[in-house]
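Chain by chain, the residues:
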Amino acid sequence: MSLPHAILTALLEKPSSGLELTRRFDRSIGYFWSATHQQIYRELGKLEKAGLIRALPAQAPARGQKKEYEVLPAGRAELADWTGRVEDPKPVRSALLLRLRAAAVVGTEGLADELRRHLELHQAQLDDYLGMEKRQFPPERDTEADRLRHLVLRGGIELERFWVAWLTEALEGLEGLGD
């Protein structure tokens, strides 16, 4: 996934200013595709220059007023094309997994504490996702868009469940090394 496509998706869901977009990224899209405020603003400029989005006309022009953007037909077409493209999975890059591998040659000093810390973080994220699922996807919300958004959240839930289970197993294995 790329940042331009994440922004096009967010703007198609709701035309927004750069500030509103950054807030929405912090609350939703950012859970699976993070971007800094600077990256979002820079990308908005590129998308506008490419003719994929435009700033909506201001009601009453004022100095320092926020620009609100909407997706143009070319932006919708780009996003539709992108969703159907073939893309191979990307290899996992995890500093934690690399550190575990390094511990095999330099020792495990401090590693258990870091694994416990990661376990707590992943458990907290899992709890957040499960709360979001309960609030945002009651049984009566069953449109196609809701089902697709729910699938994205379910993917996040399953990833967090994986990390909680794997970190629990890793900690048990690490404790067994001292025997």
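Here the structure is shown first, and the text comes after it.
The sections below set out a description of the structure shown in this document. Everything quoted here is computed from the prediction, not taken from an experiment.

**Topic: the packing of helix α1 (residues 3-13) against helix α2 (residues 18-27)**
Logical step 1: Where α1 meets α2, the axes come as close as 11 Å, and the angle between the chain directions of the two elements is 105°. With respect to their mutual orientation, α1 and α2 come out roughly perpendicular. Residues L3, A6, I7, A10, L11 and E13 of α1 touch α2, and the partners they reach there are L21, R24 and F25.
Logical step 2: Residue composition of the contact of α1 with α2, by class: 7 nonpolar, no polar and 2 charged.

**Quick word on the environment of E158**
Logical step 1: Following the sequence through the fold, E158 ends up in helix α7 (residues 144-177).
Logical step 2: In terms of polar contacts, E158 uses its side chain to reach the side chain of R161, at 3.0 Å.

**With respect to the packing of aromatic side chains**
Logical step 1: Counting across every chain of the model gives 2 aromatic pairs.
Logical step 2: Aromatic side chains W163 and W166 sit 5.6 Å apart centroid to centroid with 90° between the ring planes, which places their arrangement in the edge-to-face category. Highlighted residues: W163 and W166, both in helix α7, separated by 3 residues, approximately one helical turn. Residues W163 and W166 agree in their burial class; the two are buried.

**A word on α7**
Logical step 1: Under the 1.5 Å per step criterion, the end-to-end length of α7 is 49 Å for 34 residues, consistent within 8% with the ideal 50 Å.
Logical step 2: Those residues of α7 not exposed but buried are D146, L153, G156, I157, E160, W163, V164, W166, L167, A170, L171 and L174.
Logical step 3: The secondary structure elements touched by the buried residues of α7 are α5 (95-106) and α6 (111-136).

The rules we used
Residues numbered from 1 in each chain as written. Predicted model: local features only at pLDDT ≥ 70, side-chain atom pairs only at ≥ 80, totals over all residues. Heavy atoms only, no water. Axes fitted to C-alpha atoms, helices over the stretch in contact; angles between N-to-C directions. Helix = DSSP H or I, 4+ residues; strand = E, 2+ residues; numbered from the N terminus. Parallel < 35°, antiparallel > 145°, perpendicular 65-115°, else oblique. Contact = heavy atoms within 4.5 Å. Nonpolar A, V, L, I, M, F, W, Y, C, P; charged D, E, K, R; others polar. Polar contact = N/O pair within 3.5 Å; in protein donor to acceptor, adjacent residues only side chain to side chain. Phe/Tyr/Trp six-rings, centres within 6.5 Å; stacked < 30°, edge-to-face > 60°. Buried < 20%, exposed > 50% of the residue type's maximum accessible area, 1.4 Å probe, protein only. Expected span 1.5 Å × (residues − 1).

Remember, this is a structural readout, not a statement about activity or role.
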